[in-house]
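So you can see what is in the structure, the chains are spelled out below.
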Amino acid sequence: MDDQTASLIYAPHLQSNLSTIFTIKFLTAVFSGATAGVLGLTNLAGFLLFAVSTLVSAALVVFLKCGGKPSLYIGDGKTLSTRGAVMQLLLPGVDNFFGFILTWTLLYGIIHVYD
Amino acid sequence: MAGDSLYLDPQIRDWVLFPITLVMILVGVLRHNIVQLIASSPKKLSRAATREQRALLRAQILRSTAKSSPIPPSYYDSHTDELTAAFKAGNYLSKPVELDQDGKPIAPNPTSMLTDPAAMEGMMGGMKNQAVMMIPQMIIMGWINFFFQGFVLIKLPFPLTLGFKSMMQRGIETPDMDVRWVSSLSWFFLNWFGLNGLYRVLLGNDNSAVNQQDLASSPFAGAAAPAMGQPQDYNKLFTAESENLQLAQGVYHWVGEDIDTRILRRYGKLAA
């Protein structure tokens, strides 16, 4: 059954879905970093905002765009698994995490450190 | 002890913070464009060599979709038979098989890395890319160290351990300033890591501005390059492929089998 589903997955569609998801994660990271910086959140509060914004954007993608079935749209190209798809949505890559840190530091510095 | 917030001149923000970020973004885009410009065009294979590769590819595609194959049995069987016969007879080989004295085929000996021109070009391309990546980083680091040294640039919104003090506050010799006040070089590092995501969004997925520090990518890339340089022994590959085709024929299943029954059942015309 797995081989059957694997051969039915159309790779270019999967690829474009995955890069859209990456863009969404990146924009979420950047804008939540900017928000954290503007609000002057520090330490744990900032990271908490990042986690909450990742969760909220993943939930929005699943329910508004995937109709509750993310395994039909994203995955690792070999099987259809909801758990795998949701993990891919939720885990921000290292790139996005550092992007969050960058915009957080930038906005925090501009607004709260400089007069 | 100084109050929790130092007062920083806004000119530092205008003349250091923004310029460093802007320069790094622009240099990243520049790197990507340069890599594209100096990339040598892929080597053109002769018609016979291309036919070899494509024949192998056709067989692989046929095999991999065999379990829920979109082509009906008559076509599948005729494709398989034709490919198997062609592989066994060596019709697609670009160079005829050399036989030694006993009549056994000689495998082509893999030419070494330095003599095979294709492998050399692959290596040169890899090294050129590495150079293009590394040189701008070195230059920017030197520029920052020269011009922007010795003052506090920004305060990090999150705490770090004391171990980071020497790295983040290089050039500022104060023993008990909070580690959160950092120098320009650490702003450079923050930018370096943080802009990767931006490059991937701006320049598309396989851009050359991203710095690949993954443990996985460098040894793998180094190992894959010499493997591709050696000429493949297509005769062996063809014999292996013909056996695989026979195996695949065993698991072949057409998606359209019994489709008339399935449609009737779905629309309720037939008892399930």
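Within every chain, residues take consecutive numbers counted from 1 along the sequence as written. Key to labels: chains lettered from A, ligands numbered from 1, both in the order written. The predicted origin of the model limits local features to residues at a pLDDT of at least 70 and limits the giving and counting of side-chain atom pairs to 80 or more, whereas totals for whole chains, interfaces and linings rest on all residues. Hydrogens and water are ignored here; the side-chain numbers use all heavy atoms of the structure.

### Details of the environment of T23 of chain A
Next up, step 1: Secondary structure is summarised from DSSP: a helix means a run of H or I of at least four residues, a strand means a run of E of at least two, and numbering begins at the N terminus for each. Tracing the chain through its elements places T23 of chain A in helix α2 (residues 11-39).
Next up, step 2: Remark: the alpha-carbon pair of T23 of chain A and V52 of chain A, spanning 29 residues in sequence, is separated by 18 Å.

### Some points on the packing of helix α3 (residues 43-65) of chain A against helix α5 (residues 94-113) of chain A
Residues and elements named next belong to chain A.
Next up, step 1: Running from amino to carboxyl end, α3 crosses α5 at an angle of 130°, the nearest separation of the two axes being 11 Å. Classified by the angle between their axes, α3 and α5 sit oblique to one another. Our pair here, α3 against α5, has a crossing hand that is right-handed. Only F97, F100, I101 and W104 of α5 make contact with α3, whose side of the interface consists of N43, G46, F47 and F50.
Next up, step 2: Each residue belonging to the contact of α3 with α5 can be placed in one class, and the counts come to six nonpolar, two polar and no charged. Whenever a helix is involved, its axis is fitted only over the stretch in contact; in every case the axis is a line through C-alpha atoms, and angles between N-to-C directions fall within 0 to 180 degrees. Oblique is the label for any angle not under 35 degrees, not over 145, and not in the 65 to 115 range, which are roughly parallel, roughly antiparallel and roughly perpendicular in turn. It is the rotation of the near helix from the far one that decides the hand of a crossing: anticlockwise by less than a right angle makes it left-handed, clockwise makes it right-handed. In what follows, residue pairs with any heavy atoms lying within 4.5 Å of each other are defined as contacts. Put simply, Ala, Val, Leu, Ile, Met, Phe, Trp, Tyr, Cys and Pro go in the nonpolar bin, Asp, Glu, Lys and Arg in the charged bin, and everything else, Gly too, in the polar bin.

### Considerations on the interface of chain A and chain B
Next up, step 1: Residue-level contacts link 27 residues of chain A with 35 residues of chain B.
Next up, step 2: Here the quantity called buried area is the accessible surface, traced with a 1.4 Å probe, that two parts lose on coming together, added over both. Here chain A and chain B share an interface that buries about 2600 Å² over both sides, 70% of which is from carbon and sulfur atoms.
Next up, step 3: Considering only the side of chain A, the residues that lose the most area to chain B are L102, T105 and Y114 of chain A, jointly responsible for 25% of the buried surface there.
Next up, step 4: Whenever a carboxyl oxygen of Asp or Glu lies within 4 Å of a side-chain nitrogen of Lys or Arg, that contact is scored as a salt bridge. D95 of chain A is the partner of R200 of chain B in a salt bridge, and the nearest nitrogen-oxygen pair spans 3.3 Å.
Next up, step 5: Any N or O atom pair separated by 3.5 Å or less is treated as a polar contact, with the protein-specific requirement of one donor-capable and one acceptor-capable atom, and with residues adjacent in sequence counted only for side-chain atom pairs. The interface formed by chain A and chain B contains two residue pairs in polar contact (both at pLDDT 80 or more).
Next up, step 6: Among the elements of the structure, α1 (2-8), α2, α3 and α5 of chain A are those that each provide at least two residues to the side of chain A that touches chain B.
Next up, step 7: Top element by residues in the side of chain A that touches chain B is α5 of chain A. It accounts for twelve residues.

### As for the side chain of T80 of chain B
Residues and elements named next belong to chain B.
Next up, step 1: Relative to the elements of secondary structure, T80 occurs in helix α3 (residues 73-89).
Next up, step 2: Accessibility here uses a 1.4 Å probe with only protein chains present; expressed as a share of the type maximum, an area under 20% marks a residue as buried, one over 50% as exposed, and anything in between as partly exposed. The class of T80 is buried, set by a relative accessible area of 0%.
Next up, step 3: Apart from residues no more than four positions distant in its own chain, T80 is found in contact with L62, L245 and Q249.

### A short note on the side chain of S242 of chain B
Next up, step 1: As for its position among the elements, S242 of chain B is in helix α8 (residues 234-250).
Next up, step 2: The contact partners of S242 of chain B, leaving out residues within four places of it in the chain, are T84, F87 and K88 of chain B.

### Some details on the packing of aromatic side chains
Next up, step 1: When two rings of Phe, Tyr or Trp (its six-membered ring) have centres within 6.5 Å they constitute a pair, described as stacked for plane angles under 30 degrees, edge-to-face for angles over 60, and tilted for the intermediate range. Per the stated rule, a full pass over the model turns up 19 aromatic pairs over all chains.
Next up, step 2: Judged by centre distance (5.3 Å) and plane angle (75°), the rings of W143 of chain B and F148 of chain B are edge-to-face.
Next up, step 3: Clustering of aromatic rings is evident, with ring pairs tying together F47, F50, F97, F98, F100 and W104 of chain A together with F158, F188, F189, W192 and F193 of chain B.

### Observations regarding unusual backbone geometry
Next up, step 1: Look at D258 of chain B: it is not a glycine, yet its phi comes out positive at around 55°.
Next up, step 2: By relative accessible area, D258 of chain B is classed as partly exposed at 48%.

### Some thoughts on the UniProt feature "transmembrane region" (unreviewed entry) in chain A
Residues and elements named next belong to chain A.
Next up, step 1: The UniProt record annotates "transmembrane region" (unreviewed entry) at residues 21-41, 47-68 and 89-111.
Next up, step 2: Within residues 47-68, the helical portion is 86% and the strand portion 0%, while the C-alpha atoms at the span's ends are 27 Å from each other.
Next up, step 3: Between the end C-alpha atoms of residues 89-111 the distance is 32 Å, and the span holds 87% helix and 0% strand. UniProt positions are given in the numbering used here, feature names are shortened, and annotations may be inferred rather than shown by experiment.

### A look at the pattern of salt bridges
All names here are of chain B.
Next up, step 1: With the rule as written, the count across this model stands at three salt bridges over all chains.
Next up, step 2: Its salt-bridge partner being R13, residue D14 comes within 3.3 Å of it at the nearest N-O pair.
Next up, step 3: On the basis of relative accessible area, D14 is assigned to the partly exposed category, the value being 37%.
Next up, step 4: R63 is the salt-bridge partner of E241, the closest N and O atoms lying 2.7 Å from each other.

### Some words on the UniProt feature "transmembrane region" (unreviewed entry) in chain B
Residues and elements named next belong to chain B.
Next up, step 1: The positions UniProt marks with the feature "transmembrane region" (unreviewed entry) are residues 15-34, 131-154 and 185-203.
Next up, step 2: Helix makes up 100% of residues 15-34 and strand makes up 0%, while its end C-alpha atoms are separated by 28 Å.
Next up, step 3: For the annotated span residues 131-154, helix accounts for 71% and strand for 4% of the residues, and the straight-line distance between the end C-alpha atoms is 31 Å.

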